[in-house]
Amino acid sequence: MKAKQLSVFLENKSGRLTEVAEVLGEAGINLSAMSIADNSDFGILRCIVSDPDKAYRVLKEAHFAVKITDVIGFTCPNTSGSLSKVLRHLSDKGVFIEYMYSFANGDVAHVIIRPTDLDNCDKILAEKEVDLLAASDLYRL
């Protein structure tokens, strides 16, 4: 099941991540999950938020470079080898994962992936009975 993720371009300077958190917080938007990829000049904050459309709007109004992309969320047991089994289903069918981030909460791991072929990925995971997360569930984590 597809969900919306925000990707926010951040200059590598002190306070930029704080500014994003403040803008979202002032708008009443909760950050559910996030990851930052960076190089020496800039970073990209990828995040799942409680209201992606509103977050996009308020970040744009605050002059951040932001875009919305579709991702897929699923859960798997928080045990050794569980994630590899799910990823094996995808790699065996030629699905390439551009990036992934995850977090564990007790016995369950929540995983967010950006595959090159969203529809095929969604279909494969559903066929393999992977516990897909509805967008509304991701936004409330």
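### What to know about the pattern of salt bridges
Between side chains of opposite charge, a pair can form as their charged atoms come close.
Stage number 1. On inspection of all chains with the given rule, the structure shows six salt bridges.
Stage number 2. For the salt bridge of Arg16 with Glu11, the shortest nitrogen-to-oxygen distance reads 2.7 Å.
Stage number 3. Take Arg16: its relative accessible area is 12%, and that puts it in the buried class.
Stage number 4. Two residues, Arg140 and Asp137, come together in a salt bridge whose shortest N-O distance is 2.3 Å.
Stage number 5. Taking relative accessible area as the criterion, Arg140 reaches 62% and is therefore assigned exposed.
Stage number 6. Under the relative-accessibility criterion, Asp137 is labelled partly exposed at 31%.
Stage number 7. Connected through shared salt-bridge partners, Glu11, Arg16 and Glu19 make up one network.

### Considerations on the packing of helix H3 (residues 82-92) against helix H4 (residues 118-127)
Stage number 1. Contact geometry for H3 and H4: axes closest at 10 Å, N-to-C directions at 125°. In terms of orientation, H3 and H4 fall into the oblique class. The interaxial crossing formed by H3 with H4 has right-handed handedness. Contact with H3, carried on its side by Val86, His89 and Leu90, involves Cys121, Ile124 and Leu125 of H4 and no other residues of that element.
Stage number 2. Class assignment of the residues belonging to the contact of H3 with H4 gives a composition of five nonpolar, one polar and no charged.

### A short note on the side chain of Arg46
Stage number 1. Position of Arg46 relative to the elements: it lies in strand S3 (residues 42-49).
Stage number 2. Comment: no salt bridge for buried Arg46; closest opposite-charge side chain is Glu98, at 6.4 Å.
Stage number 3. Polar contacts involving the side chain of Arg46 include one to the side chain of Tyr99, which spans 3.4 Å.
Stage number 4. Ignoring anything within four residues of it in the chain, the contact list for Arg46 reads Gln5, Leu6, Ser7, Ala33, Met34, Ser35, Ala37, Tyr99 and Tyr101.

### Section: the packing of helix H1 (residues 16-26) against helix H2 (residues 52-61)
Stage number 1. Relative orientation of the contacting elements H1 and H2 amounts to 125°, with a least axis distance of 10 Å. In terms of axis orientation, H1 runs oblique to H2. As H1 runs across H2, the sense of the crossing is right-handed. Where H1 abuts H2, its residues Val20, Val23 and Leu24 lie against Ala55, Val58 and Leu59.

### Digging into H2
Stage number 1. What H2 keeps buried is the set Pro52, Ala55, Val58 and Leu59. For H2, the arc enclosing every buried residue in end-on projection is 130°, short of the 170-degree limit, so these residues lie on one face.
Stage number 2. Packed against the buried residues of H2 are strand S1 (2-11), H1, S3, strand S4 (65-77) and helix H5 (135-139).
Stage number 3. Just downstream of H2, His63 is the residue with a positive phi angle, here 70°.

### A few points about H4
Stage number 1. Along H4, the residues classified as buried are Leu118, Cys121, Ile124 and Leu125. Buried residues of H4 fall within an arc of 130° about the axis and therefore sit on the same side. Along H4, exposed side chains directed more than 90 degrees from the buried face belong to Asp119, Lys123 and Glu127.
Stage number 2. Residues of H4 that are buried sit in contact with S1, S4, H3, strand S6 (108-115) and strand S7 (131-133).

Definitions and cut-offs
- Residues numbered from 1 in each chain as written.
- Predicted model: local features only at pLDDT ≥ 70, side-chain atom pairs only at ≥ 80, totals over all residues.
- Heavy atoms only, no water.
- Salt bridge = Lys/Arg side-chain N within 4 Å of Asp/Glu carboxyl O.
- Buried < 20%, exposed > 50% of the residue type's maximum accessible area, 1.4 Å probe, protein only.
- Axes fitted to C-alpha atoms, helices over the stretch in contact; angles between N-to-C directions.
- Helix = DSSP H or I, 4+ residues; strand = E, 2+ residues; numbered from the N terminus.
- Parallel < 35°, antiparallel > 145°, perpendicular 65-115°, else oblique.
- Left-handed = near helix turned anticlockwise from the far one by under 90°.
- Contact = heavy atoms within 4.5 Å.
- Nonpolar A, V, L, I, M, F, W, Y, C, P; charged D, E, K, R; others polar.
- Lys, Arg positive; Asp, Glu negative; His and termini not counted.
- Polar contact = N/O pair within 3.5 Å; in protein donor to acceptor, adjacent residues only side chain to side chain.
- Arc of directions from axis to C-beta.

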